[in-house]
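# Survey of secondary and tertiary structure
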Amino acid sequence: MINKLLLLYVTFIKIGAFSFGGGYAVLPLIQKYVVNDMNWLSIKELTDLVSLSQITPGPIAINAATFIGTKVASLPGAIVATIAEVTPSCILMLFLGYFIFRGKKITFLDRTLKGLKPAIPGLILIAAIDMFKSSILSTEGIKYIGLLGFLIGGFLFMFKKIDIIKIIIISAFAGILFHFII
């Protein structure tokens with residue numbers, strides 16, 4: 001059990017240390033460490049986790065850490081993974097807060113952020129492509145219900161300007177309905 005907890009801590013402290021750009025930008029890191037390296041989740045489970053994170057309060061990275069920690073090592077795993085996820089951010093904010101509230105300009109930070117900003121959309125795109133493939137494509141071919149949901153959700157959001165929360169609720173009910181029909 002101690003080995004699992006230590007492994008969770010190391011994994012999520014790495015994820016937390018490089019979680020620049022927030023929510024979706026962290027998904028490639030979670031996929032690399034949790035799905036590819038550790039095999040704690042499959043890509044389908046990661047997609048399900050992202051979907052669940054949309055209907056639960058809190059950031060995706062913290063929800064993922066809590067969920068994965070629970071799956072790997074029960075409640076102690078959830079606690080360790082969640083603490084590890086937020087530790088780097090807390091340390092960085094304490095450090096930066098010290099300088100910012102003293103009115104000091106941090107040139108290094110400004111330059112770092114200018115370099116990171118263009119990379120964040122690329123990271124989000126990678127995560128979106130992987131989730132799309134997992135939701136729409138399978139070894140048997142195209143999942144037409146998933147594709148239909150993708151197209152309808154995209155249409156409602158882009159052209160009808162329907163609130164994303166309403167689309168999530170509609171999608172959840174459609175999923176339940178299709179489950180009972182098919």
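It should be noted that the structure appears before, not after, this text.
Only a predicted model underlies this, so the values are computations on that prediction, with no experimental measurement involved.

Here we take up the overall build of the chain. From N to C terminus, the chain includes eight helices and two strands. Scanning the chain from its N terminus toward the C terminus, one meets helices and strands in the order α-α-α-α-α-α-β-β-α-α. Overall size of the chain, expressed as C-alpha extent along the three principal axes, is 60 × 45 × 25 Å. Partitioning the contacts of the chain with sequence separation of at least 6, the portion at a separation of at least 24 is 57%. When the accessible surface of the chain is totalled, it reaches about 12000 Å², and 74% of it is carbon and sulfur. Between the mean site of the 16 positive side-chain charges and the mean site of the 8 negative ones, the chain shows a separation of 10 Å.

With that settled, consider the packing of aromatic side chains. Two numbers describe a pair of aromatic rings. These are the distance of the centres and the angle of the planes. Applying the stated criterion across every chain, the model contains two aromatic pairs. Look at F132 and F150: their rings are 4.9 Å apart centre to centre, the planes differ by 70 degrees, and that puts the pair in the edge-to-face class. Here F150 lies in helix α7 (residues 144–158) and F132 lies in helix α6 (residues 119–136), a separation of 18 residues in the sequence. Owing to a relative accessible area of 30%, F132 belongs among the partly exposed residues under this scheme. Centroid distance F155 to F159: 5.6 Å. Interplanar angle 40 degrees. Geometry classified as tilted. Residue class for F155 comes out partly exposed when judged on its relative accessible area of 41%.

About the criteria used
- Residues numbered from 1 in each chain as written.
- Predicted model: local features only at pLDDT ≥ 70, side-chain atom pairs only at ≥ 80, totals over all residues.
- Heavy atoms only, no water.
- Helix = DSSP H or I, 4+ residues; strand = E, 2+ residues; numbered from the N terminus.
- Contact = heavy atoms within 4.5 Å.
- Areas by Shrake-Rupley, 256 points an atom, 1.4 Å probe, with all protein chains shown as cover.
- Lys, Arg positive; Asp, Glu negative; His and termini not counted.
- Charge placed at Lys NZ, Arg CZ, Asp CG, Glu CD.
- Phe/Tyr/Trp six-rings, centres within 6.5 Å; stacked < 30°, edge-to-face > 60°.
- Buried < 20%, exposed > 50% of the residue type's maximum accessible area, 1.4 Å probe, protein only.

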